[in-house]
Amino acid sequence: MSEIMKINGKTVSEEKTPFLIGVSGGTASGKSTVCKRIMEKLGQVNMDDTQRQVVCISQDSFYRELNSSEIAKAEKGQFNFDHPAAFNEKLMQKTLLEILAGRKCEIPTYDYRNHALRPDDTVTIYPADVVLFEGILVFYFPEILDLFHMKLFVDTDSDTRLARRVTRDINERGRDLDQVLHQYINFVKPAFEEFCSPTKKFADVIIPRGADNTVAIDLIVQHIREFLNNRLKSDSEKISPHISITRTNSNETHFKRHH
Ligand SMILES: Nc1ncnc2c1ncn2[C@@H]1O[C@H](COP(=O)(O)OP(=O)(O)O)[C@@H](O)[C@H]1O
Ligand SMILES: Nc1ccn([C@@H]2O[C@H](COP(=O)(O)O)[C@@H](O)[C@H]2O)c(=O)n1
């Protein structure tokens, strides 16, 4: 018998509810890189999307649409993308609730060069056992904060973050140096101090130095592995035909979900 539980007033089967992990931290702190390392260590990277047990979603997919005057500002580094009002909070919450209810979702990808979502370039998020949701303000909105089963904060020195951000925004996001620095000094840094940094207190685990901190990442991976093994055990006790398990070596376990 599957347990029935309520998530924000909605009834869902606990059996299907993924373990939702929030990953926050300042810009360029290494949130995506930490998530990538976790996925790699769990053997979840080179596999078909439909078979993944662990998936990662970026909060950037929930930036709200800008009007033409806001886009003109954004092009000059004069729009505040680090303020909570830049996000579509309701859509973010609705999508996470769908995910927690074990439903398949379509999520748009974000185009940093044009400051817009790509509605025609969506990613399908298939039901998974563990979902990582990463972004600068994932712990800011109380109703979203409440949904996480585990909260990680990537804590990287701000000079290191600025240095990485300059290189990344120029090389990958089509920005020039003046624009990056103007945006950083006027919006990114003050908003980090006002909205992101205070949410560090909600974290269960703080990861100093981000992806360089292999000890912290290994501990988190171990915790996720235990969750997956327990779920697998209870699934196989019910003789589920939907999941198969392969152990490739003593440290790596590959899980496959058959839809
Ligand atoms: N430990 C690290 N050492 C060197 N470069 C890193 C490290 N972690 C991240 N980076 C680089 O810094 C930039 C930002 O990292 P990313 O993981 O995308 O941060 P975030 O998701 O927090 O914005 C990327 O170009 C990434 O390759
Ligand atoms: N059009 C946009 C949208 C967002 N940003 C910046 O991205 C940062 C968040 O992404 P990270 O990978 O760095 O966490 C945030 O600080 C925004 O300033 C942007 O520059 N342009």
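Treat the numbers as computed from the prediction; the structure is a model and nothing was measured. (Residues numbered from 1 in each chain as written. Chains lettered and ligands numbered in written order. Predicted model: local features only at pLDDT ≥ 70, side-chain atom pairs only at ≥ 80, totals over all residues. Heavy atoms only, no water.)

Asks: Residues and numbers for the site of ligand 2, please.
Replies: The local shell around ligand 2 holds 16 residues, among which T27, K31, D82, R165 and R175 are the closest. K31 places a side-chain nitrogen or oxygen 2.8 Å from an oxygen atom of ligand 2. Interatomic distance of 2.9 Å between a side-chain N/O atom of Y110 and a nitrogen atom of ligand 2. Calculation on ligand 2 without its partners gives an accessible area of 470 Å², and the protein chains cover 97% of this total. According to the grid-proximity analysis, the pocket containing ligand 2 is the largest pocket. Of all the secondary-structure elements, those providing two or more residues to the shell around ligand 2 are α5 (158-172) and α6 (177-196). Looking at side-chain class alone, the shell around ligand 2 contains six nonpolar, three polar and seven charged residues. (Near = heavy atom within 4 Å. Polar contact = N/O pair within 3.5 Å; in protein donor to acceptor, adjacent residues only side chain to side chain. Areas by Shrake-Rupley, 256 points an atom, 1.4 Å probe, with all protein chains shown as cover. 1 Å grid on protein atoms, 1.4 Å probe; cavity = no way out; pocket = protein on both sides within 12 Å on 5 of 7 lines; lining within 4 Å. Sits in = over half its atoms within 2 Å of the grid points. Helix = DSSP H or I, 4+ residues; strand = E, 2+ residues; numbered from the N terminus. Nonpolar A, V, L, I, M, F, W, Y, C, P; charged D, E, K, R; others polar.)

Asks: Before we move on, can you summarise the UniProt feature "domain: Phosphoribulokinase/uridine kinase" (unreviewed entry) in the protein chain with the specific residues and values?
Replies: According to UniProt, the positions carrying the feature "domain: Phosphoribulokinase/uridine kinase" (unreviewed entry) are residues 20-215. Span residues 20-215 is 37% helix and 22% strand, its end C-alpha atoms 21 Å apart. (UniProt positions renumbered as here; feature names shortened; annotations may be inferred.)

Asks: So what about unusual backbone geometry? Which residues, and what values?
Replies: In this structure, H115 is a non-glycine residue whose phi angle is positive, near 55°. In this fold, H115 is placed in the loop between β5 (105-111) and β6 (116-125).

Asks: Now, about empty space enclosed by the protein: what can you tell me, with residues and values included?
Replies: In this approach the atoms are scanned with a rolling probe the size of a water molecule, which exposes any empty space left behind. Scanning the entire structure with this criterion turns up three cavities of 30 Å³ or more. A volume near 60 Å³ is recorded for the largest cavity. Taken together, G26, T27, D82, I136, L137, R161, V188, A191, F192 and C196 make up the lining of the largest cavity. Element by element, the count of residues in the lining of the largest cavity is highest for α6, at four residues. Split by residue class, the lining of the largest cavity holds six nonpolar, two polar and two charged. (Points joined across faces, edges and corners; volume = space filled by probe spheres on them.)

Asks: Could you give an account of the site of ligand 1, with specific residues and numbers?
Replies: Looking at ligand 1, the residues that line it are G26, A28, S29, G30, K31, S32, T33, R164, R168 and D212. At 3.1 Å from an oxygen atom of ligand 1 is found a main-chain nitrogen or oxygen belonging to A28. Here S32 contributes a side-chain N or O atom positioned 2.6 Å from an oxygen atom of ligand 1. For ligand 1, the protein covers 69% of the area, taking 560 Å² as the surface of the free molecule. Those elements that place two or more of their residues in the shell around ligand 1 are α1 (31-41) and α5. Ranked by residue count, the leading element in the shell around ligand 1 is α1, at three residues. Within the shell around ligand 1, the residues separate by chemical class into one nonpolar, five polar and four charged.

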